[in-house]
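Coordinates in review
Okay, here's what each chain looks like letter by letter:
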Amino acid sequence: MLRTLVCAMAMTVASLAGDPARAADLPHIVILATGGTIAGAADPRSGLGYNAGAISADALIASVPGISAHARLSAEQISAIGSQDMSEEVWLKLAARIDALDKTADVAGIVITHGTDTLEETALFLDLATRTDKPVVLVGAMRPATAVSADGPRNLLEAVMVAASPQARGRGALVVLNDTIHGARDVTKTDTVSVQTFRSPNFGPVGGVSPDRVVFYAAPASRQSFPSKGGPLPQVEIVYAYAGVDARPVEAARAAGARGIVLAGVGDGNASKATIAALQAAAKAGVVVVRSSRTGAGPVLRNIELNDDELGFVAAAFYNPAKARVLLQLLLANGVTAPDKVQAAFLPTP
Ligand code: SIN
């Protein structure tokens, strides 16, 4: 909502139309490929069932007509996995590569091809763990590259256009799919099959892309920086609340060695009495407990349905459970464990 207010005042338009520039004058964009449906091969008649990451980054680029009019491209294969298997190792590799490309004068921006399932988590991780002002744009597709009306080629073209846009600098990690640009903090996957699956439920998208231009209508969000310290990242588990849940999921997370627990709570980040009591015991024992909501939109704020001050909990504000986990991992990696300090990172004061 804050962003929407700022939007109207901060409309910037970067027209990409005009005389074709000489190739050598075009910005150099590096594509880091990780796999996912965007690189998936399937029976073109069905689009169902496919091997994620089967198509190389170079082949993906070659499948996009006109892409070389926007940038000089080079591609690196970081992994070839479905993003359900996305791992801390790949995150750390991506972060290290982004840090190196930040120092490479010839590189103007970075595009990361990624499966859509955990794309929002990788986007937030890179947003928090890297510091570059160069555009970092994550892109995926809902249909495999071999499907009828595959969405990947257009999404990739638009991601390259955004990464090549000077207007995209200093905005942290961005996500581009289906003509829409989202910020890393708010974006989330909302539909299992639709090409319009990514939405920013709290603040709205930050911009849009059409065949001839990139448009930003939100001011750059303020950023926080919590480097990964090279990993391994501290263990943080998510406990899902549901009708009838007892203390066992919290106890299992503690027994597995969790240093942090994120509650994917009902409604305003709440859960059964048994779960809350188990979380309170965990917080007393030094486990950082963050209350988030499974509803998909809206904030979880302190001391509304639960007394966070008494319970020793942190309220996740606008971070959904999967993203709250990423932020908490990075906070713990940076030695931020006191609930008030953790709270300040979840809801920074302007
Ligand atoms: C994945 O996340 O790798 C599979 C689904 C997708 O990319 O859309």
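Please refer to the structure higher up on the page.
Computed from a prediction, not measured in an experiment: that's the story for all the values here.

1. Let's talk about the nonpolar core
Residues Leu 32, Ile 112, Phe 125, Val 290, Val 342 and Phe 346 are the most contacted members of the largest nonpolar core, which totals 49 residues. Not counting the four nearest positions on each side in its chain, Val 342 is found in contact with Val 288, Val 290, Val 314, Leu 328, Leu 331, Val 336 and Thr 337. Grouped together as the second largest cluster of nonpolar side chains are 31 residues, Ile 61, Ile 67, Ala 163 and Ala 164 included.

2. Quick notes on the packing of aromatic side chains
Within this structure, the stated rule accounts for 3 aromatic pairs. Seen from their ring centres, Tyr 319 and Phe 346 are 5.3 Å apart, and the 80° between their planes marks the pair as edge-to-face. Placement of Tyr 319 in the loop between strand S17 (314-315) and helix H9 (321-333) and of Phe 346 in helix H10 (residues 339-346) is noted, with a sequence separation of 27 residues between them. Residue Phe 346 is classed as buried on the basis of its relative accessible area, which comes to 2%. In this structure, Arg 171 packs its charged tip against the face of Phe 216, placed 3.9 Å from the ring centre.

3. Considering the site of the ligand
Neighbouring the ligand are 10 residues; Thr 37, Ser 83, Gly 115, Thr 116 and Asp 117 lie closest to it. Residue Thr 37 places a side-chain N or O atom 2.9 Å away from an oxygen atom belonging to the ligand. At 2.4 Å, a side-chain N or O of Thr 116 approaches an oxygen atom of the ligand. Considering the ligand on its own, with 250 Å² of exposed area, one finds that the protein chains cover 93% of that surface. Of the residues assigned to the shell around the ligand, the class counts are 2 nonpolar, 7 polar and 1 charged.

Each value, and the rule that gives it
Residues numbered from 1 in each chain as written. Predicted model: local features only at pLDDT ≥ 70, side-chain atom pairs only at ≥ 80, totals over all residues. Heavy atoms only, no water. Core = buried A, V, L, I, M, F, W, Y, C linked by side-chain atoms within 4.5 Å. Buried < 20%, exposed > 50% of the residue type's maximum accessible area, 1.4 Å probe, protein only. Contact = heavy atoms within 4.5 Å. Phe/Tyr/Trp six-rings, centres within 6.5 Å; stacked < 30°, edge-to-face > 60°. Helix = DSSP H or I, 4+ residues; strand = E, 2+ residues; numbered from the N terminus. Lys NZ or Arg CZ within 6 Å of the ring centre and 35° of its normal. Near = heavy atom within 4 Å. Polar contact = N/O pair within 3.5 Å; in protein donor to acceptor, adjacent residues only side chain to side chain. Areas by Shrake-Rupley, 256 points an atom, 1.4 Å probe, with all protein chains shown as cover. Nonpolar A, V, L, I, M, F, W, Y, C, P; charged D, E, K, R; others polar.

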